[in-house]
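The chain contents come next:
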Amino acid sequence: MDLRMTTRMDKRHFSIVSLSEESGDQAYWQQQHPLDRIAALELMRQVMYGYDITTARLQSVLTIAERPSS
């Protein structure tokens, strides 16, 4: 599922802070349910690297079988 198409950004909840300031980000994410954290991580991955339908399925594994010597 392409999370970028189903997720909307609420721009009212943003603030600009200095990188040297302490933030409550770590405490916020520790309070979130693990599935919510994984969903946020997946959204960031899709935004960063894009969404490709061919990578959304399981990868095939090739097995090499050795023939018995005759």
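Quantities reported herein were computed from a predicted structural model and do not represent experimental measurements.

Draft legend 1. Summary view of the overall build of the protein chain. Tallying secondary structure elements over the protein chain gives 3 helices and 0 strands in all. Walking the protein chain from its N terminus toward its C terminus, one meets helices and strands in the order α-α-α. Within the protein chain, the fraction of its 70 residues that count as buried is 6%. For the protein chain, the exposed area adds up to about 7500 Å²; of that, 57% sits on carbon and sulfur atoms.

Draft legend 2. Geometry of helix 3 (residues 34–49). Across its 16 residues, helix 3 extends 22 Å between first and last C-alpha, which sits within 8% of the 22 Å expected from 1.5 Å per residue. Backbone geometry just downstream of helix 3 places G50 in the positive-phi region, at approximately 85°.

Draft legend 3. Quick peek at the packing of aromatic side chains. This structure, assessed with the given rule, holds 1 aromatic pair. The interplanar angle of 80° and the centroid separation of 5.0 Å between the aromatic rings of Y28 and W29 together place this pair among those described as edge-to-face. Among the residues examined, Y28 registers a relative accessible area of 43% and is labelled partly exposed. Judged by relative accessible area, which is 36%, W29 ranks as partly exposed.

Draft legend 4. The arrangement of the environment of R37 in detail. As for its placement among the helices and strands, R37 is situated in helix 3. Take R37: its relative accessible area is 34%, and that puts it in the partly exposed class. Residue contacts for R37: discarding those within four places in its chain leaves W29, Q30 and Q32.

Conventions adopted
- Residues numbered from 1 in each chain as written.
- Predicted model: local features only at pLDDT ≥ 70, side-chain atom pairs only at ≥ 80, totals over all residues.
- Heavy atoms only, no water.
- Helix = DSSP H or I, 4+ residues; strand = E, 2+ residues; numbered from the N terminus.
- Buried < 20%, exposed > 50% of the residue type's maximum accessible area, 1.4 Å probe, protein only.
- Areas by Shrake-Rupley, 256 points an atom, 1.4 Å probe, with all protein chains shown as cover.
- Expected span 1.5 Å × (residues − 1).
- Phe/Tyr/Trp six-rings, centres within 6.5 Å; stacked < 30°, edge-to-face > 60°.
- Contact = heavy atoms within 4.5 Å.

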